[in-house]
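Topology and contacts: notes
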Amino acid sequence: MNQTAIMELHGVHKAYRLGEHLVQALRGVDLQIQRGELLALTGPSGSGKSTILNLCGLIDRADTGDVMINGVNSKSLTERQLTIQRRDTIGFIFQSFNLVPVMTVAENVDYPLFLTGVPLAERKERVAAQLKAVGLHEHAQHLPDALSGGQRQRVAIARALIKRPSIVIADEPTASLDSHTADQVLDLMRERGHAEGAAFIIASHDERLTRRSDRIVALLDGKLQ
Ligand code: ADP
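Before going into details, it helps to say that this report is about the structure given with it. The written sequence of each chain sets the order in which its residues are numbered from 1. Totals for whole chains, interfaces and linings use all residues, but because this is a predicted model, local features are given only for residues with pLDDT of at least 70 and pairs of side-chain atoms are given and counted only at 80 or more. Only hydrogens and water are removed before side-chain values are computed, so all heavy atoms of the structure are retained for them.

Moving on, we get to the site of the ligand. Each residue is tested against the molecule or strand, and it is near if at least one of its non-hydrogen atoms lies within 4 Å. Neighbouring residues of the ligand: Tyr16, Leu18, Val23, Ala25, Pro44, Ser45, Gly46, Ser47, Gly48, Lys49, Ser50 and Thr51. Within the backbone of glycine 48, a nitrogen or oxygen atom sits 3.1 Å from an oxygen atom of the ligand. Here a polar contact means two N or O atoms within 3.5 Å. Within protein one must be a hydrogen donor candidate and the other an acceptor candidate, and residues neighboring in sequence count only if both atoms are side-chain atoms. Within the side chain of lysine 49, a nitrogen or oxygen atom sits 2.9 Å from an oxygen atom of the ligand. A total of three residues in the shell around the ligand trace back to one element, the largest contributor, which is helix α1 (residues 49-56). Each residue belonging to the shell around the ligand can be placed in one class, and the counts come to five nonpolar, six polar and one charged. In this description a helix means any DSSP run of H or I spanning at least four residues, a strand means any run of E spanning at least two, and both kinds are numbered starting from the N terminus. Amino acids outside the nonpolar list (Ala, Val, Leu, Ile, Met, Phe, Trp, Tyr, Cys, Pro) and the charged list (Asp, Glu, Lys, Arg) are all regarded as polar, and Gly is one of them.

This is how it looks when you write it as structure tokens:
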């Protein structure tokens, strides 16, 4: 693929301290993620998937090795700069959707724009366009409780994409969905990622995901297979 990598991991090691012990979560991971790519990260529980998501999401730092975002080494960034990068370039999607129950669908999607002070007229336009793109414009004024699981995850996709991030990090996004709904949600992520040029990094045990991704990366004991 002749494209610029949006995210690169080079020789990344990460260990956690657990009492007296050091748990080696990642042991020399090299990974490049291209713009618009839907990358599936698979592997058994404890293999290091969440650790990779936390590093790619700039939530945690590597012990050794480099994590590059859009050509910038995250090591060179201060905590404040990391926070700004995370806020402006990364979207997050969770297994349990994490929508705000007292906000309508439109308000949930709008929230990241509201927080960064985007003018109201522009917010309205962008929220309407995102909701249309995920097929939920008719549910804009509903509360999340009134929606099915698949619809809620589509709201979460719209919310993750509203700030036009370069990367969307998704942790087991289909784990609480039935098969048919999970397929639809994955197709939507792929379509929206390709359309917006956002890379999706999705950690999952889900076989269906691996069939619908552009590339599969398997982890075992903190190493890529
Ligand atoms: P996965 O997401 O594939 O289940 P993780 O990245 O959560 O894997 O975990 C990788 C390894 O690191 C496991 O051995 C896990 O027990 C350990 N680990 C993860 N987080 C912590 C932590 N905060 N403290 C101690 N050990 C941890």
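All right, on to the side chain of threonine 51 then. Topologically, threonine 51 is positioned in helix α1. Per-residue accessibility, obtained with a 1.4 Å probe over protein chains only, is compared with the maximum for each type, and a residue is labelled buried under 20%, exposed over 50%, and partly exposed between these values. The exposure class assigned to threonine 51 is buried, which follows from its relative accessible area of 7%. Of the polar contacts made by the side chain of threonine 51, one reaches the side chain of tyrosine 16; its length is 2.9 Å.

Burial runs high along strand β7 (residues 167-171): four of the five residues are buried. By this definition, two strands are paired if DSSP reports at least two bridges between them. Pairing of strand β6 (residues 90-94) with β7 involves five bridges; the strand directions are parallel. Each residue of the ladder has a partner; that of phenylalanine 92, found in β7, is isoleucine 169. Here five bridges tie β7 to strand β8 (residues 199-203), and the two strands are oriented parallel to one another. Paired with isoleucine 167 across the two strands is alanine 199, which belongs to β8.

The next point concerns the packing of helix α5 (residues 149-161) against helix α6 (residues 179-196). Only the stretch in contact is used when a helix axis is fitted, and all axes are lines through C-alpha atoms; the angle between N-to-C directions ranges over 0 to 180 degrees. Contact pair α5 / α6: the axes reach a minimum separation of 10 Å and the direction vectors enclose 15 degrees. Taken together, the axis directions place α5 and α6 in an arrangement best described as roughly parallel. Of the two elements, α5 crosses α6, and the hand of that crossing is right-handed. For the pair α5 and α6, the contacting residues are Gly150, Gln153, Arg154, Ile157 and Leu161 in the first and Thr181, Val185, Leu188, Met189, Arg192 and Glu196 in the second. Class assignment of the residues belonging to the contact of α5 with α6 gives a composition of five nonpolar, three polar and three charged. Note on terminology: angles under 35 degrees are roughly parallel, angles over 145 are roughly antiparallel, angles of 65 to 115 are roughly perpendicular, and the others are oblique. In a left-handed crossing the near helix is turned counterclockwise from the far helix by less than a right angle, and in a right-handed crossing that turn is clockwise. The contact rule is simple, with two residues in contact once any of their heavy atoms fall within 4.5 Å.

A separate point is unusual backbone geometry. Unlike most non-glycine residues, asparagine 70 shows phi in positive territory, near 50 degrees. Even without being a glycine, glutamate 172 presents a positive backbone phi close to 45 degrees. If you trace the backbone, glutamate 172 turns up in the loop between β7 and α6.

The quantities given are spatial measurements derived from coordinates; they are silent on function.
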